[in-house]
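Structural overview for review
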Amino acid sequence: MRKTATKQSGMIPAQPGPWEVASVKPGVPSDAESVIPGAGPSTHPGERPTVRLRDAGPDDAPRYAPEWLELREGPDAAARAGDLIDPLRIRLANLPGKAGLVIHDLGCGTGSMGRWLAPRLDGPQHWILHDRDPYLLHFAAVASPRSAADGSRVTVETRRGDVGLLTPDALAGASLVTASALLDVLTREEIETLAEACTGAGCPALLTLSVAGRVELTPSDPLDDEIADAFNAHQRRGGLLGPDAVTVACEAFSERGATVRLHPSAWRLGPAESALTAQWLRGWVGAAVEERPELKEPAERYLRDRLEACRAGELKVVVHHSDLLALSRPTGGVS
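Report on the accompanying structure. (Residues numbered from 1 in each chain as written. Predicted model: local features only at pLDDT ≥ 70, side-chain atom pairs only at ≥ 80, totals over all residues. Heavy atoms only, no water.)

1. Regarding the packing of aromatic side chains
- In total, this model carries four aromatic pairs according to the counting rule given.
- A centroid spacing of 5.1 Å and a plane angle of 80° characterise the contact between Tyr135 and Phe139, whose relative ring orientation is edge-to-face. Taken together, the residues span about one helical turn, with Tyr135 and Phe139 both in helix H4 (residues 134-142) at a distance of four residues.
- Given the relative accessible area of 31%, Phe139 is considered partly exposed.
- Clustering of aromatic rings is evident, with ring pairs tying together Trp280, Trp284 and Tyr302. (Phe/Tyr/Trp six-rings, centres within 6.5 Å; stacked < 30°, edge-to-face > 60°. Helix = DSSP H or I, 4+ residues; strand = E, 2+ residues; numbered from the N terminus. Buried < 20%, exposed > 50% of the residue type's maximum accessible area, 1.4 Å probe, protein only.)

2. What to know about the pairing of strand S3 (residues 154-160)
- Note that strand S2 (residues 125-131) and S3 share seven bridges and pair parallel. Pairing of Asp131 across the sheet is with Arg160, part of S3.
- Since S2 and S3 lie parallel, the crossover through H4 that links them has a hand, and here it is right-handed. (Pairing = 2+ DSSP bridges. Right-handed = clockwise from strand over helix to strand, strands pointing away.)

3. Some details on a negative patch on the surface
- Among the surface-exposed residues, Glu189, Glu192, Glu251 and Glu255 lie close enough to one another that they form a single negatively charged patch.
- Among the secondary structure elements, those contributing two or more residues to the negative patch are helix H5 (188-200) and helix H7 (245-255).
- Looking at the element boundaries, Glu255 is found in helix H7.
- A relative accessible area of 63% places Glu255 in the exposed class. (Patch = residues over 30% accessible without salt bridge, like charges linked within 9 Å, V, L, I, M, F, W, Y side chains within 5 Å. Areas by Shrake-Rupley, 256 points an atom, 1.4 Å probe, with all protein chains shown as cover. Salt bridge = Lys/Arg side-chain N within 4 Å of Asp/Glu carboxyl O. Lys, Arg positive; Asp, Glu negative; His and termini not counted. Charge placed at Lys NZ, Arg CZ, Asp CG, Glu CD.)

4. What to know about the packing of H5 against H7
- Taken N-terminus to C-terminus, the directions of H5 and H7 make an angle of 35°; their axes are 9 Å apart at the nearest point. Regarding H5 and H7, the two cross each other, and that crossing is right-handed. Packed against H5, whose contacting residues are Arg188, Ile191, Glu192, Ala195, Cys198 and Thr199, the element H7 presents Ala245, Val248, Ala249, Glu251, Ala252 and Phe253 at the interface.
- For the contact of H5 with H7, a count of residues per class yields eight nonpolar, one polar and three charged. (Axes fitted to C-alpha atoms, helices over the stretch in contact; angles between N-to-C directions. Left-handed = near helix turned anticlockwise from the far one by under 90°. Contact = heavy atoms within 4.5 Å. Nonpolar A, V, L, I, M, F, W, Y, C, P; charged D, E, K, R; others polar.)

See below:
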């Protein structure tokens, strides 16, 4: 598996560098103790795991710290495109059977997608939460919602895995696939595999908060665009798609017959979100300098000034994202 990648929206990496803030993970189990009951692909005879790990070593560091995910959960929820919920509800209402929804949440982190979406959908729901980090899976399981919009029961299970190789068979019986802030850390091949799995299974996909590669800071600074360009280049390292991911995903789903809807879902950060803004700034500038070391000296001044403005409540930031709803052609004759 590839090493930790800093995302456009920012993150607290597992191993802090000179520009990064250390994440604190009290009580993280060692690898030998890391398997939480229920946190792994099914091993029952004849069953396929829903996701397969990329080639990962036992000491491969987790991508995200729960402290970072907690900081961003509120702005994520405010940014997600509520306008995509109605067309999703219509499709889900036309699914065969009345046993309830089965929702696969890929790269679930601490489960914020489920906490946002489950209370917006009617009927019984069973969420299958996937992540490669058992510590995050534990967070997601204990903090999962328990009731749907109409009071129906919501249940969860966890599976330890990464978005490796999905197949339509692996999504058999799925009502919906969700992911948040995931597409931009995938390769073209992985997005095409995801699209093939979803469309092959006739399963809709709601993929939120994919970065668009555009950032607006108020007040502006002459270095804004240069930092942004360097950061976007950093996001494309190693074949990752970064800000190109949404376009690639739209093409991949459309080519396979899905109807695709896009909606903007920008973070809008002001004084109330200063803690998140400060962390985001450090990661954003740090990745830009890693990509272009000649920026180090001006970037130090830039980051210092931006953090001072953030502390003073004088900085506003808009980080642009896109939400994607892909409505695959249903299988089994459902319209």
